[in-house]
Amino acid sequence: MNNYKTNSSKAETQRSMCDWAEATFGSVSAPVSLVDRAMLEMEELKEAVVAQDHAEIGKEAADVLILLYRLADQFGLDLDQEVAGKMAINRSRTWVQKGDGTGSHI
């Protein structure tokens, strides 16, 4: 097993984050618990955005991403591959801007 405390110069991967979480928090008994936790982290992220606290925005966004990596792993999915596949779909769609930096496909 890798020692991530002393090996912090290496880029994190889905596997390294999931291995750390498993060793730190134990096995996931119900994947929905990861969704629930991610929702709490999203609320913390929203608070950081409202406060425009750049350091906290980065930390909270990372917390959400770590949870999403772990959730994907529970279903045998590689989140980076899933994002690449979804972006291919998104790029092929026609989009309508909502005027606030978001939009919807038609």
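Everything numeric in this text was worked out from a predicted model, so none of it was measured.

Undergrad: Outline the packing of helix H2 (residues 32–50) against helix H3 (residues 54–74), supporting the account with residue identities and numerical values.
TA: Closest axis-to-axis distance for the H2/H3 pair is 8 Å, and the angle between their directions is 165°. Taken together, the axis directions place H2 and H3 in an arrangement best described as roughly antiparallel. The two elements H2 and H3 meet at a crossing, and its hand is left-handed. From H2, Leu-34, Val-35, Arg-37, Ala-38, Glu-41, Met-42, Glu-44, Leu-45, Ala-48 and Val-49 reach across to H3, where they touch Glu-56, Ile-57, Glu-60, Ala-61, Asp-63, Val-64, Leu-67, Arg-70, Leu-71 and Gln-74. Residues of the contact of H2 with H3, tallied by class, amount to 12 nonpolar, 1 polar and 7 charged.

Undergrad: Give a detailed account of the packing of helix H1 (residues 14–25) against H3, specifying residues and quantitative values.
TA: At a minimum axis distance of 9 Å, the contact between H1 and H3 shows a crossing angle of 90°. The pairing of H1 with H3 is recorded here as roughly perpendicular in orientation. Contacts from Gln-14, Arg-15, Met-17, Cys-18, Ala-21, Glu-22 and Phe-25 of H1 reach H3 at Ile-66, Tyr-69, Arg-70, Ala-72 and Asp-73. Residues of the contact of H1 with H3, tallied by class, amount to 7 nonpolar, 1 polar and 4 charged.

Undergrad: Account for a negative patch on the surface, with residues named and values stated.
TA: Side chains of Glu-43, Glu-44, Glu-47 and Asp-63 sit close together on the surface and give a patch of like negative charge. Per element, the largest residue contribution to the negative patch is 3 residues, and it comes from H2. Mapped onto the elements, Glu-44 comes out in helix H2. Residue classification places Glu-44 among the partly exposed positions, given a relative accessible area of 33%.

Undergrad: Please provide a residue-by-residue account of the pattern of salt bridges, values included.
TA: One pass over the full model with this rule turns up 5 salt bridges. Here Asp-73 makes a salt bridge to Arg-15, at a shortest N to O gap of 2.9 Å. Of the two residues, Asp-73 sits in helix H3 while Arg-15 sits in helix H1, which places them 58 residues apart along the sequence. For the salt bridge of Glu-41 with Arg-37, the shortest nitrogen-to-oxygen distance reads 2.8 Å. Of the two residues, Glu-41 and Arg-37 both sit in helix H2, 4 residues apart, roughly one turn of that helix. Overall, the relative accessible area of 5% leaves Glu-41 in the buried class.

Undergrad: For unusual backbone geometry, give the residues involved together with the corresponding values.
TA: Despite not being glycine, Gln-52 shows a phi value in the positive range, around 55°. Inspection of the secondary structure assignment puts Gln-52 in the loop between H2 and H3.

Calculation rules
Residues numbered from 1 in each chain as written. Predicted model: local features only at pLDDT ≥ 70, side-chain atom pairs only at ≥ 80, totals over all residues. Heavy atoms only, no water. Axes fitted to C-alpha atoms, helices over the stretch in contact; angles between N-to-C directions. Helix = DSSP H or I, 4+ residues; strand = E, 2+ residues; numbered from the N terminus. Parallel < 35°, antiparallel > 145°, perpendicular 65-115°, else oblique. Left-handed = near helix turned anticlockwise from the far one by under 90°. Contact = heavy atoms within 4.5 Å. Nonpolar A, V, L, I, M, F, W, Y, C, P; charged D, E, K, R; others polar. Patch = residues over 30% accessible without salt bridge, like charges linked within 9 Å, V, L, I, M, F, W, Y side chains within 5 Å. Areas by Shrake-Rupley, 256 points an atom, 1.4 Å probe, with all protein chains shown as cover. Salt bridge = Lys/Arg side-chain N within 4 Å of Asp/Glu carboxyl O. Lys, Arg positive; Asp, Glu negative; His and termini not counted. Charge placed at Lys NZ, Arg CZ, Asp CG, Glu CD. Buried < 20%, exposed > 50% of the residue type's maximum accessible area, 1.4 Å probe, protein only.

Structural measurements only, silent on function.
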